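Each chain, letter by letter, is given below.
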Amino acid sequence: MIPPGDVESFRQADEVQAILREELVDVADDRAELPHRRHAGEVVTAPTDPVTLAEHRERKNARARIPARPLTIDPTLRAHYYNRRFLDRPPLASTREWVVGAWATGAYWKNSNPLHGAYPRTYLERVHAMFPDARHVLHAFSGGLGIAEAIAAYSSGIADPGEMTVAPESIELIDLKGPDEGRHPTWQGDVLSMPAEWAGRFDLVLADPPYTPEDAARYGVPMPDRLAVTRALRRVTMAGGVLAWLDTVWPMHRKEEWRCWGHVAVVRSTNHRVRLCSLFEAV
Ligand SMILES: C[S@@+](CC[C@H](N)C(=O)[O-])C[C@H]1O[C@@H](n2cnc3c(N)ncnc32)[C@H](O)[C@@H]1O
């Protein structure tokens, strides 16, 4: 807030108002190009925004620091790969910049993975369907998922599985806990301490962390810091690679590291939490 009586701040406030007015004129110009939105006599007024000039500039600079380059991922193509595989399901919608949709997976009473919060039915197959070109896959917070199921889901995404061989080093599963506690990682340890030689190794990373401190307590682990985890995952992902993060929130991330290009709601059944799969490209 601008402290009353601070002349310099009032001068800055005037400048902010001028900038906001300019931006509003830009918006109004854009609107004018949309005939159905044009209102005769529309008055454009600058809002009384409490932002200071310094904050406003900082925001603009932060935006300028994000490399202005197109996504390597073409969301339209990714949606197409999914849509052609799940023909009987509502298609994902896409633009050149963004994918949205909803997956109703249904309950999974026969799930061989008994862990609390196990992946919903067909979730892995649906994600893999979008990435038939992924070759080096990491499952972070892999829980009760086993390598055999991980390979099966990976293979289901390949157009012609007969032509595919899964090299043993293609897939890694990470969890803090081991087989004694119903987890089956290929590398047991903290996702924040992955081996240095994994830098830039993966082109598809799937993460399914505990969603709340209560869930973390059920797993007997501390609640992970989402920002720290997305940073750690960026280190092991090659530029242009993808992170598919399943959670009940859109995870905190640095825009300099991850560019979000998709949101898919994952709905299980009544009285269950609705999850969100957020899709990011490694910048
Ligand atoms: C939501 S469960 C994953 C469930 C999994 N998708 C499945 O189908 O079984 C979260 C898992 O993350 C693990 N975990 C929690 N914090 C971790 C950390 N910092 N590093 C590695 N694993 C962690 C827990 O042990 C737990 O198995």
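Being a predicted model, the structure only gives us computed values, none of them experimental.

**Thoughts on the overall build of the protein**
Helix and strand counts for the protein come out as 7 helices and 9 strands. Residues classed as buried in the protein amount to 29% of the 283 residues present.

**Focus on the sheet that holds strand S9 (residues 275-282)**
The mixed open sheet is built from 9 strands, whose spatial order is S1-S2-S8-S9-S7-S6-S3-S4-S5. Edge positions in the sheet fall to strand S1 (93-94) and strand S5 (187-188), since each has one partner strand and no second. Running at roughly 145° to strand S7 (residues 237-247), helix H7 (residues 226-236) makes contact with strand S3 (137-140), strand S6 (202-207), S7, strand S8 (258-267) and S9 of the sheet.

**Observations concerning the pairing of S7**
The pairing of S6 with S7 spans 5 bridges and is parallel. Paired with leucine 204 across the two strands is valine 242, which belongs to S7. Inspection of the sheet shows S7 paired to S9 by 6 bridges, in the antiparallel sense. Its bridge partner being in S9, alanine 244 is matched across the sheet by leucine 279.

**Examining helix H5 (residues 147-156)**
Taken as a whole, H5 has its buried residues at Ala150, Ala153 and Tyr154. Looking down the long axis of H5, one finds its buried residues gathered within 100° of arc, a one-sided arrangement.

**A closer look at H7**
Of the positions making up H7, those classed as buried are Val229, Thr230, Leu233, Arg234 and Val236. Here the buried residues of H7 occupy an arc of 165° about the axis, which is enough to place them on one side. Exposed side of H7, more than 90 degrees from the buried face: Leu227 and Ala228 are the residues found there. In the core, the buried residues of H7 are packed alongside S3, S6, S7, S8 and S9.

**A closer look at the packing of helix H4 (residues 123-130) against H5**
In contact at an axis separation of 7 Å, H4 and H5 are set at 40° when each is read in the N-to-C sense. Considering the angle they form, H4 stands oblique to H5. For H4 against H5, the interelement crossing comes out right-handed. From H4, Leu124, Glu125 and His128 reach across to H5, where they touch Ala153, Tyr154 and Ser156. Across the contact of H4 with H5, the residue classes break down as 3 nonpolar, 2 polar and 1 charged.

**Some points on the confidence of the model for the protein**
Mean pLDDT over the protein: 82, with 72% of residues reaching 70 or higher. Here residues 1-7 scores under 50 on pLDDT; set against residues more than four positions off or in separate chains, the count is 6 contacts. Low pLDDT, under 50, characterises residues 23-40; the stretch is placed with 7 contacts to residues that sit more than four places away or in other chains.

**Some details on the packing of helix H3 (residues 75-85) against H4**
Between H3 and H4, whose axes approach to 7 Å, the crossing angle comes to 130°. Of the possible angle classes, the one that applies to H3 and H4 is oblique. Crossing angle aside, the handedness with which H3 passes H4 is right-handed. Between H3 and H4, the residues in contact are Arg78, Tyr81, Tyr82 and Arg85 and Arg126, Ala129 and Met130, respectively. Grouping the constituent residues of the contact of H3 with H4 by class yields 4 nonpolar, no polar and 3 charged.

**Comments concerning the pairing of S8**
With 6 bridges joining them, strand S2 (residues 99-104) and S8 adopt parallel strand pairing. Counted as the bridge partner of glycine 101 is valine 264 from S8. Note: S8 against S9, 8 bridges, orientation antiparallel. Among the inter-strand pairings, histidine 263 is bridged to a residue of S9, identified as serine 278.

**Let's talk about the environment of valine 283**
Of note, valine 283 is situated in the segment after S9. We classify valine 283 as partly exposed; it has 17 C-beta atoms within 10 Å. With 211 residues separating them along the chain, valine 283 and threonine 72 place their C-alpha atoms 9.1 Å apart.

**What to know about the environment of tryptophan 250**
Locating tryptophan 250 in the fold gives a position in the loop between S7 and S8. Here tryptophan 250 falls in the exposed class, since 12 other C-beta atoms lie within 10 Å of it. Taking the C-alpha atoms as reference points, tryptophan 250 and leucine 276, separated by 26 residues in sequence, lie 7.2 Å from one another. Contact partners of tryptophan 250, with chain neighbours within four places excluded, come to Leu276 and Ser278.

What counts as what
- Residues numbered from 1 in each chain as written.
- Predicted model: local features only at pLDDT ≥ 70, side-chain atom pairs only at ≥ 80, totals over all residues.
- Helix = DSSP H or I, 4+ residues; strand = E, 2+ residues; numbered from the N terminus.
- Buried ≥ 20, exposed ≤ 12 C-beta atoms within 10 Å, placed from the backbone.
- Pairing = 2+ DSSP bridges.
- Contact = placed C-beta atoms within 7 Å.
- Axes fitted to C-alpha atoms, helices over the stretch in contact; angles between N-to-C directions.
- Arc of directions from axis to C-beta.
- Parallel < 35°, antiparallel > 145°, perpendicular 65-115°, else oblique.
- Left-handed = near helix turned anticlockwise from the far one by under 90°.
- Nonpolar A, V, L, I, M, F, W, Y, C, P; charged D, E, K, R; others polar.
- pLDDT = per-residue confidence, 0-100.

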